[in-house]
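Reading the structure
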Amino acid sequence: PSEPRYLVVGDVHGCLDELEDILQAADYDATTTTLVLAGDLVNKGPKSAEVVAWCRRSGVAAVRGNHDEKCLRLRAALDEDAAAPLDDEYAYVRDLSDEDVAWLADLPRRAERRPL
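Parameters and conventions
- Residues numbered from 1 in each chain as written.
- Predicted model: local features only at pLDDT ≥ 70, side-chain atom pairs only at ≥ 80, totals over all residues.
- Heavy atoms only, no water.
- Salt bridge = Lys/Arg side-chain N within 4 Å of Asp/Glu carboxyl O.
- Helix = DSSP H or I, 4+ residues; strand = E, 2+ residues; numbered from the N terminus.
- Buried < 20%, exposed > 50% of the residue type's maximum accessible area, 1.4 Å probe, protein only.
- Pairing = 2+ DSSP bridges.
- Axes fitted to C-alpha atoms, helices over the stretch in contact; angles between N-to-C directions.
- Core = buried A, V, L, I, M, F, W, Y, C linked by side-chain atoms within 4.5 Å.
- Contact = heavy atoms within 4.5 Å.
- Right-handed = clockwise from strand over helix to strand, strands pointing away.
- Expected span 1.5 Å × (residues − 1).

Any two side chains of opposite charge can pair, so long as their charged atoms come close to each other. Throughout the structure, instances matching the rule amount to six salt bridges. Residue Arg-56 pairs with Asp-100 through a salt bridge whose shortest N-O separation is 2.4 Å. Of this pair, Arg-56 sits in helix 2 (residues 48-58) while Asp-100 sits in helix 4 (residues 98-106), placing them 44 residues apart in sequence. Given a relative accessible area of 5%, Asp-100 falls into the buried group. Where Arg-109 meets Glu-69, a salt bridge forms, and the shortest distance between an N and an O atom there is 2.8 Å.

Right, let's get into the sheet that holds strand 1 (residues 5-9). Spatial ordering of the open sheet is given by 1-2-3, a layout of three strands whose pairing is parallel. Across the chains shown, the open sheet's two edge strands, defined by having one partner strand only, are strand 1 and strand 3 (61-63). Averaged over neighbouring strand pairs, the angle between their axes works out to 20 degrees when direction is ignored.

Further remarks concern the nonpolar core. Formed by 32 residues in total, the largest nonpolar core has its most connected members in Leu-37 and Leu-41. Elements with a minimum of two residues in this core: strand 1, helix 1 (16-25), strand 2 (33-38), helix 2, helix 3 (66-80) and helix 4. A total of five residues in this core trace back to one element, the largest contributor, which is helix 2. Not counting residues up to four positions away in its chain, the partners in contact with Leu-41 are Val-12, His-13, Gly-14, Val-51, Cys-55, Asp-68, Trp-103, Leu-104 and Leu-107.

Once that is clear, we can look at the pairing of strand 2. Residues of strand 2 alternate between two faces, with Thr-33, Leu-35 and Leu-37 buried on one and Thr-34, Val-36 and Ala-38 left unburied on the opposite face. Here strand 1 pairs with strand 2 via five bridges, running parallel. Paired with Val-8 across the strands is Val-36, a residue of strand 2. In the classification by handedness, the crossover that spans strand 1, the intervening helix 1 and the parallel strand 2 is right-handed. Of the strand pairs in this sheet, strand 2 and strand 3 are connected by three bridges, and their pairing is parallel. Directly across from Leu-37, in strand 3, lies its bridge partner Ala-62. Of the crossover connections in this fold, the one passing from strand 2 over helix 2 to the parallel strand 3 is right-handed.

Bringing helix 3 into the picture now. Its 15 residues place the ends of helix 3 21 Å apart at the C-alpha level, agreeing with the 21 Å of an ideal helix rising 1.5 Å per residue. For helix 3, the full list of buried residues reads His-67, Asp-68, Glu-69, Cys-71, Leu-72, Leu-74, Arg-75 and Leu-78. On its buried side, helix 3 packs onto strand 3 and helix 4.

In structure tokens, the structure reads:
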């Protein structure tokens, strides 16, 4: 059997198209490579909600970064008051599905080292 292959990507920040470009350049194959996203999946880029949905559907490994934490705090505030104001850069928080919020909330805050 071949050696396990890992691809670690950090700070996606809502840039789904660029993540897909990186995966293509790295010849990523989900059947042979473990993709690990090292936090900050959301904010700054144009497709934060889409990044979270893609990650959840793809079953990638990830850890929660500080931008992901803020997203969850803002979503909790919206759950309390749907009319709560959001800065434009956080408008995507309203677009997250309940499933995507639950997936993001379940991410660990740090990666544990496991034997390869």
